[in-house]
Amino acid sequence: MVGNGRRALGAVGGALTGKRREYDEDDVRVRPSRFSRPRTRTRPKHSEAVEGFVVAVDRGRYTCHVGDASVTAMRARELGRKSVVVGDWVALVGDISGAPGALARIVRIAERTSVLRRTADDDETTTEGRLERVVVANADQLVIVSSLTDPPPRTGFIDRCLVAAYDADIDPLLCLTKADLAGPDAVLGYYAELDLPHVLCRPDADLDDLRATLTGRLSVLVGHSGVGKSTLVNRLVPNADRAVGVVSAVGKGRHTSTSAVALRLPADKPSWIIDTPGVRSFGLAHVSAESLLHGFPDLVEATVDCQPGCEHTADSPGCALDAWVAAGRADERRLRSYRRLLASRSGEPDPEASATEPL
C-alpha cells in the first residue's frame, strides 16, 4: 500500500520524492466556450458586393434599386448601429436577383454627400426634443411644397425648412401649389430679399417648370398634409400611385403618405424625387444658433455691427438687427420669425411652427 501511494504521489509530483507539488495557473487548461471566444475586428471585405440605391424602408427591410431590378435587403450585423435611410448608396451581397422571396444583405453604406435632419421637437430638455431623425441622405435639393390656399401658406414652417436646407448644404426650392385659387405675391414678397427660387403649380397647367428643376438631381419633397404634394408626385411619376387625401373642414390636411419613398422620374438624365410623409413641424434643435442665423441670409449682414457675444434676442443690448429692420433693409416679419426660432431652441413653444404667419 505504501509503495502504491508513493507511485501515485510521484506521478503527480514528477519524481518519487514523496513531496507535494505546488500548482499555479499554468497547470490549468480551460477550453473556452463558444460564447467566450475572443472576437476579431477584421471585417469581411465583400469584394463581390454590388452597388444599390435605397428607395424605401419598411420594418427592417430595405428596397434597393440595382440596375433595373428592385431588391429586398436586410442590414448585415457588421453595420452595428449605423442607420440606413432612403437615399443611401449601399453595397449588397447575397441574392440580388429581385425574385420573389429573394433577400440580400447590406454590408456597407457609402459616405453621404448630405444629410437632411429634423428633430421631433425643439425642446432640448426632453427626450423627444433630443431625438434627431435623418429624413433622407444624399439629396441635393429640398423642394418645400406649400399651397397658396386651403390650407393657407405657413411661413413659419417654410422658414424652418429653409434653415434645415442651408444647414445640410442643400439647395432649397419653393413650390407653390393651387396657384389657380390664390396669387403668390404675398408669399414671394415675404421672401423677396432671399432671391428664393420658386415654381407655381396649377392643376390645369403642365409641370414643365418643376420638371426642369428636378432633372438630373435627387430632390426631396416636404410639406404639410393637404398641400398637394402627393398629387404632384402622381403627375410627375404616373405609376407612383401615391395616396391622395383631402383637406378637413378646419383647413388641415390629412396624412396620406406614411413613409418616405424614392421614385425615378422619366427623364434623359438620372433624376429622383423622394416623397416624404406630411409633417406638422420641423424641429431644429439639432441646428446650432450660428447655423440658424445663416438660414436668414437677409439678416446676416446686420450682425456685423452687433456687440461681441450678442445673442440677437429682442432684449440683447446693442443688437443691430432692430436698426437694420427699422432702416428697411429687411422685413420685420423675418426678424420675428428668426427670434421665434431662437426662442424655440430654448424650449419655448413656437406658435407659428404649425400656424399661418400673417402676410
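Data block above holds the structure.
The rules behind the values
- Residues numbered from 1 in each chain as written.
- Predicted model: local features only at pLDDT ≥ 70, side-chain atom pairs only at ≥ 80, totals over all residues.
- Heavy atoms only, no water.
- Helix = DSSP H or I, 4+ residues; strand = E, 2+ residues; numbered from the N terminus.
- Pairing = 2+ DSSP bridges.
- Salt bridge = Lys/Arg side-chain N within 4 Å of Asp/Glu carboxyl O.
- Buried < 20%, exposed > 50% of the residue type's maximum accessible area, 1.4 Å probe, protein only.

A. Quick look at unusual backbone geometry. The residue after aspartate 150, namely proline 151, is reached through a cis peptide bond having omega 0°. Positioned with a positive phi, asparagine 138 is a non-glycine residue whose angle comes to about 70°. We note that aspartate 150 has phi near 50°; this positive angle belongs to a residue other than glycine. Topologically, aspartate 150 is positioned in the loop between β8 (141–147) and α3 (155–167).

B. Fine view of the pairing of strand β1 (residues 50–58). Two elements, β1 and strand β4 (residues 89–94), share four bridges in a ladder whose sense is antiparallel. Looking at the pairing, valine 50 lines up with leucine 92 of β4. The pairing of β1 with strand β2 (residues 61–66) spans five bridges and is antiparallel. Across the sheet, residue alanine 56 finds its bridge partner in β2, namely threonine 63.

C. Summary view of the pattern of salt bridges. Tallied over the full model, the rule gives 10 salt bridges. Arginine 217 is the salt-bridge partner of aspartate 140, the closest N and O atoms lying 3.7 Å from each other. Of this pair, aspartate 140 sits in the loop between β7 (132–137) and β8 while arginine 217 sits in the loop between α5 (208–214) and β11 (218–222), and the two are 77 residues apart along the sequence. Note on aspartate 140: relative accessible area 31%, which makes it partly exposed. In this structure, aspartate 275 engages lysine 229 in a salt bridge whose closest nitrogen and oxygen atoms are separated by 2.9 Å. Pair noted here: aspartate 275 is in strand β13 (residues 272–275) and lysine 229 is in helix α6 (residues 229–236), with a separation of 46 residues, a long-range link. A single burial state applies to aspartate 275 and to lysine 229, both of which are buried. Where salt bridges share partners, they join Asp140, Asp171 and Arg217 into one cluster.

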